[in-house]
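Architecture at a glance
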Amino acid sequence: MSRRTEIDVRPITEAEFPDWNRALNTGFLRPPAVAEEQLDARRNEFVPGRSLGAFDGDRCVATFRSFDQELTAVGGGTVRADAISNVTVTATHRRRGLLTRMMAQDLAAAKERGDVVATLIAAEYRIYGRYGFGPGTTMTEWTVDVPRAGLDPRWAAPEDGGRIDLVDGADVRRLGPGLHERLRRTQPGAVSRSAMWWRYRTGVVDWNGSPWTEPCYAVYRSADGEVEGMASYRTDDRWGDAKQPLNTATVDWLLAVTPAAERALWHYLCSIDWVQTVKSGWRSPDDLLPDLLPDPRAARITTQADWLWVRVLDVARALTARTYEGQGSAVLEVVDRAGLTGGRWRLEAGPDGASCVPTTESAHLVLDVAELGALWLGDASAVRLAALGRVREERAGAARVVDALLRTSGRPWCPDMF
């Protein structure tokens, strides 16, 4: 068995790309072999220096990839993010510190580039806290019992003068990016999408080698013809013994920049002939969906979990990039065992802006950088984290002061998996 020091962790070369992808598939429990067309598709996302591999001899046994991303902060400003994905360690090489070495290399490079945060979607909850990541957003999935929902079964068009049109993948690639940009500029926790995202989600590019089945795409246009919402969904074909339809519509994704668009798209999905169940896909935890139904109990939560994890790389820039609904100040002592950021900071914040500067004043609240990542987008509560023993008050009531500053009236949401 190889010793840890014999395993080389480094950016992969173009020649090592096929072996790296084989290790990636193995780690995600997919068939290891990668067809040439999938390799060609994945090469579109290959950036020299941003894909790391751990090599035992000439065999790749761990994978790690990062890429540039913009993340929307509270208030609509954006920050540069180091988006992390494709993280695997082959089962034969676990517990040797390979992820720690890859993570350290990547975060150090991100800090050097000037990225404000790093982001990821965690497959397993317990891995990433030790690297300074905290769960910054949550996602919820609902399953709607359509007959119980109480919607008018005769519904055929939005009452506001808008319309629903079914379109194809080419229309989605033409209309979707602009719609998504409008949404992400106002939604804390949303992230940028590349042109490749739209090509992959409409079947132009085969990244995984899975057979492509065209979904249905619905677009909502307002009364003046502006595209304000879009959904991708799939339906099955299931019937009961008495020749009764039992079909399900499963939403891949749904974007809406106005409540009218959101209402119209959900009503449309719940009005499709034969559809008895609608699965919402991964939504914001305060999505309008349940309360758009006459009987909100018809929408039961089937999944609720952490989603986007945030790792702050620059405390001052992160805290001044976002807006604040209230006025106040706090001295935060941020502990970062990796030494990338941290220290003691005085935050002065209000509706007109914020300053965050190093200070020698006594701390009001002491917290790990992972807890700051959980708090930064406004979803987590410092009071709750204090009750859990994950932040420490050095001044009585400090957690409530921090909550009054950081928490938001609307919850953050990341519509994307990456």
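Up top is the structure.
So, here's what we can say about the structure. (Residues numbered from 1 in each chain as written. Predicted model: local features only at pLDDT ≥ 70, side-chain atom pairs only at ≥ 80, totals over all residues. Heavy atoms only, no water.)

**Examining the sheet that holds strand β13 (residues 299-306)**
What links the strands of a sheet is backbone hydrogen bonding, and the strands pair in either a parallel or an antiparallel sense. Put simply, the test is: Strands pair, by our definition, only if DSSP identifies at least two bridges between them. Numbered from the N terminus, helices here are DSSP runs of H or I no shorter than four residues, and strands are runs of E no shorter than two. In this analysis, axes come from line fits to C-alpha atoms, helices being fitted only over the stretch in contact, and the angle between any two N-to-C directions falls in the range 0 to 180 degrees. The contact rule is simple, with two residues in contact once any of their heavy atoms fall within 4.5 Å.
Pairing is mixed across the open sheet formed by seven strands, whose spatial order is β8-β9-β10-β11-β12-β7-β13. If you trace the sheet from one side to the other, it starts and ends with β8 (163-167) and β13, each paired once. The sheet shows a mean angle of 25° between the axes of neighbouring strands, taken without regard to direction. Pairing between strand β9 (residues 216-221) and strand β10 (residues 227-235): six bridges, direction antiparallel. For Y220, the partnering residue across the bridge sits in β10 and is G229. Where helix α7 (residues 259-269) meets the sheet, its contacts fall on β8, β9, β10, β11 (247-256) and β12 (275-279), and the angle it forms with β11 comes to roughly 165°.

**Describing the nonpolar core**
Quick note on the threshold: Nonpolar core, defined: a set of buried Ala, Val, Leu, Ile, Met, Phe, Trp, Tyr and Cys residues in which side-chain atoms within 4.5 Å join the residues together. Burial classes follow relative accessibility: with a 1.4 Å probe on protein chains only, a residue under 20% of its type's maximum area counts as buried, one over 50% as exposed, and anything between as partly exposed.
V117, L319 and W376 are the most contacted members of the largest nonpolar core, which has 45 residues in total. Apart from residues no more than four positions distant in its own chain, W376 is found in contact with L71, A73, V74, V79, V117, V310, A318, L319 and R322.

**So, the environment of A321**
Structurally, A321 is set in helix α9 (residues 315-321). On the accessibility criterion, A321 (25% relative accessible area) is partly exposed. Not counting the four nearest positions on each side in its chain, A321 is found in contact with A73, V74, G77 and V79.

**Overview of the pairing of β12**
Short version of the rule: When the strands point away from the viewer and the path from the first strand over the helix to the second turns clockwise, the crossover is right-handed.
Bridge analysis of strand β7 (residues 138-145) against β12 gives three bridges, and the strand direction is antiparallel. Residue pairing in the sheet places T143 in a bridge with K279 of β12. Pairing of β11 with β12 involves four bridges; the strand directions are parallel. Bridge pairing in β12 places N247 opposite V275. What joins β11 to β12 is α7, and the crossover it makes is right-handed.

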